[in-house]
Amino acid sequence: MGKELGGGEEELPLFETKEARFRGAYKVFVSTVFVGICLIWVYRLTHIPRAGEKGRWAWIGMFMAELWFSLYWILTQSSRFKVVYNYPFKERLSYRYKEKLPDVDIFVCTADHKLEPPTMVINTILSCMSYNYPPEKLSIYLSDDGGSELTHYALLEASSFSKHWIPFCKKFNVKPRSPGAYFAQQIDGGQDITYAQEWFAMKKLYKELENRIDLAIEMGKIPEETRDQRKGF
């Protein structure tokens, strides 16, 4: 695997190349198929009906069809005989070409707060906000066709929670970055005590967020305190 040079110094590669497994077995299989194809060609050529015999042109037509598909199969083996996979190092790619990365707009759409609970919607939003991408080049929009104030309220709560969640994701390289899916997993016992403390603290914040949103949905309205503070309701 080659390495690129830049700035007079050797840089780390941007990807790793690995060959597919069990290629030897596939080559043996291809070889046996090729031998079978050659035998079919020989049989077709040596058993062509004589001129005037019944079925001569049908035989020739079958041979031409087999010849065409056999040649097509042989040509396609050029892309299958040695299969390799390239695994990019995303962190290195982002670091090296950070200034050249394009702006990205993400649209999250919802329509009915009953069929698509606000908690599920904000989990999608928080996951997108936590992408490993330059934040100044990432814009996320929520389109609510139903115009529900409950979804709007959930988004405001998620905005406050994101100030804690995004730094937590970057600090510990959290995966998955949807808090609902992440906290549904068991805590990794191999991590240090600092991680455990912050994990429990973050989970508590998320549960409080869920409870506030679920309570508003159950009541069918947002808290009056929030309504008085925000002009959007």
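Conventions adopted
- Residues numbered from 1 in each chain as written.
- Predicted model: local features only at pLDDT ≥ 70, side-chain atom pairs only at ≥ 80, totals over all residues.
- Heavy atoms only, no water.
- Helix = DSSP H or I, 4+ residues; strand = E, 2+ residues; numbered from the N terminus.
- Rg over C-alpha atoms; globule rule 2.2 N^0.38 Å.
- Phe/Tyr/Trp six-rings, centres within 6.5 Å; stacked < 30°, edge-to-face > 60°.
- Buried < 20%, exposed > 50% of the residue type's maximum accessible area, 1.4 Å probe, protein only.
- Lys NZ or Arg CZ within 6 Å of the ring centre and 35° of its normal.
- pLDDT = per-residue confidence, 0-100.
- Contact = heavy atoms within 4.5 Å.
- Salt bridge = Lys/Arg side-chain N within 4 Å of Asp/Glu carboxyl O.
- Core = buried A, V, L, I, M, F, W, Y, C linked by side-chain atoms within 4.5 Å.
- Axes fitted to C-alpha atoms, helices over the stretch in contact; angles between N-to-C directions.
- Parallel < 35°, antiparallel > 145°, perpendicular 65-115°, else oblique.
- Nonpolar A, V, L, I, M, F, W, Y, C, P; charged D, E, K, R; others polar.
- Expected span 1.5 Å × (residues − 1).
- Bend = angle between axes of the 7 residues up to and from the residue.
- Polar contact = N/O pair within 3.5 Å; in protein donor to acceptor, adjacent residues only side chain to side chain.

Undergrad: Please explain the overall build of the protein chain as it appears in this structure.
TA: A count of helices and strands for the protein chain gives 8 helices and 6 strands. Secondary structure elements of the protein chain occur, N-terminal to C-terminal, as β-β-β-α-α-β-α-β-α-β-α-α-α-α. Taking 233 residues into account, the globule formula puts the C-alpha radius of gyration at 17 Å, and the protein chain, at 30 Å, lies well above it. Counting only C-alpha atoms and orienting by the principal axes, one finds that the protein chain spans roughly 95 × 55 × 40 Å.

Undergrad: Explanation requested: the packing of aromatic side chains in the structure shown.
TA: In the structure shown here, the tally under the stated rule is 16 aromatic pairs. Residues Phe-183 and Trp-199 carry aromatic rings whose centres are separated by 5.6 Å and whose planes lie at 70° to one another, so their mutual orientation is edge-to-face. Remark: Trp-199 occurs in helix H7 (residues 193-219) and Phe-183 occurs in helix H6 (residues 179-183); sequence separation between them is 16 residues. Look at Phe-183 and you get buried, because its relative accessible area is 6%. The class for Trp-199 is buried, based on a relative accessible area of 5%. A centroid spacing of 4.9 Å and a plane angle of 85° characterise the contact between Trp-199 and Phe-200, whose relative ring orientation is edge-to-face. Here the aromatic cluster, defined as three or more aromatic residues joined through ring pairs, consists of Phe-161, Trp-165, Phe-168, Phe-172, Tyr-182, Phe-183, Tyr-195, Trp-199, Phe-200 and Tyr-206. Stacked on the ring of Tyr-87, the Lys or Arg Lys-18 has its end atom at 5.7 Å from the ring centre. Residue placement shows Arg-44 over the ring face of Trp-59; its charged tip is 4.5 Å from the ring centre.

Undergrad: Please clarify how the confidence of the model for the protein chain should be interpreted in this entry.
TA: Low pLDDT marks stretches whose predicted atomic positions should not be read closely. Put simply, the protein chain has an average pLDDT of 86, and 94% of its residues get 70 or more. Across residues 1-10, where pLDDT falls below 50, the model places 15 contacts with residues more than four positions away in sequence or in other chains.

Undergrad: Help me out: how do you make sense of the pattern of salt bridges in this one?
TA: Side-chain pairs of opposite charge can arise where the charged atoms are in close proximity. Under the definition given, this model contains 5 salt bridges. Here Arg-44 and Glu-66 are joined by a salt bridge, their closest N and O atoms 2.9 Å apart. Taken together, the positions of Arg-44 in helix H1 (residues 23-46) and Glu-66 in helix H2 (residues 56-76) put the pair 22 residues apart, joining distant regions of the chain. Relative accessible area serves as the criterion here: at 10%, Arg-44 is assigned to the buried category. A relative accessible area of 24% means that Glu-66 is categorised as partly exposed.

Undergrad: Can you help me understand unusual backbone geometry in this one?
TA: For residues besides glycine, phi is generally negative; the peptide bonds are generally trans as well. Residue Pro-176 is reached from Lys-175 by a cis peptide bond, and omega for that bond is -5°. Examined against the element boundaries, Pro-176 turns out to sit in the loop between helix H5 (149-172) and H6.

Undergrad: Would you mind going over the nonpolar core with me for this structure?
TA: One recurring pattern in soluble globular proteins is that nonpolar side chains are buried together. One finds Phe-161, Trp-165, Phe-168, Tyr-182 and Phe-183 to be the most contacted residues of the largest nonpolar core, which totals 17 residues. If you list the elements that add at least two residues to this core, you get helix H4 (118-129), H5, H6 and H7. Among all residues touching Trp-165, those that are not within four sequence positions of it are Leu-126, Ser-130, Val-174, Arg-177, Ser-178, Pro-179, Tyr-182, Phe-183 and Met-202.

Undergrad: Is there a simple way to think about the environment of Val-30 in this case?
TA: As for its placement among the helices and strands, Val-30 is situated in helix H1. Along the backbone, Val-30 and Gln-77 are 47 residues apart, and their C-alpha atoms lie at a distance of 8.4 Å. When neighbours within four sequence positions are excluded, Val-30 is seen to be in contact with Trp-73, Gln-77 and Phe-81.

Undergrad: Mind showing me how you'd approach the packing of H5 against H7 here?
TA: Angle between the axes and distance between the axes: these two values describe a pair of packed helices. It is at 10 Å that the axes of H5 and H7 come closest, and there the two elements cross at 175°. The pairing of H5 with H7 is recorded here as roughly antiparallel in orientation. Contacts between H5 and H7 involve Leu-150, Tyr-153, Ala-154, Glu-157, Ala-158, Phe-161, His-164, Trp-165, Phe-168, Lys-171 and Phe-172 on the former and, on the latter, Thr-194, Tyr-195, Glu-198, Trp-199, Met-202, Leu-205, Tyr-206, Leu-209, Arg-212, Ile-213, Ala-216 and Ile-217. When grouped by side-chain class, the residues that make up the contact of H5 with H7 number 17 nonpolar, 2 polar and 4 charged.

Undergrad: Whenever I open this one, H5 confuses me. Can you help?
TA: An α-helical turn contains 3.6 residues, so any two residues separated by three or four positions project in the same direction. Taking 1.5 Å of rise per residue, 24 residues should cover 34 Å, and H5 covers 34 Å from first to last C-alpha, within 8% of that figure. Of all the bends in H5, the largest measures some 45° and sits at Ser-162. By the burial criterion, the buried members of H5 are Leu-150, Thr-151, Tyr-153, Ala-154, Glu-157, Ala-158, Phe-161, Ser-162, Trp-165, Ile-166, Phe-168 and Cys-169. The N-capping residue of H5, defined by a side-chain oxygen 3.1 Å from the backbone nitrogen of Leu-150, is Ser-148.

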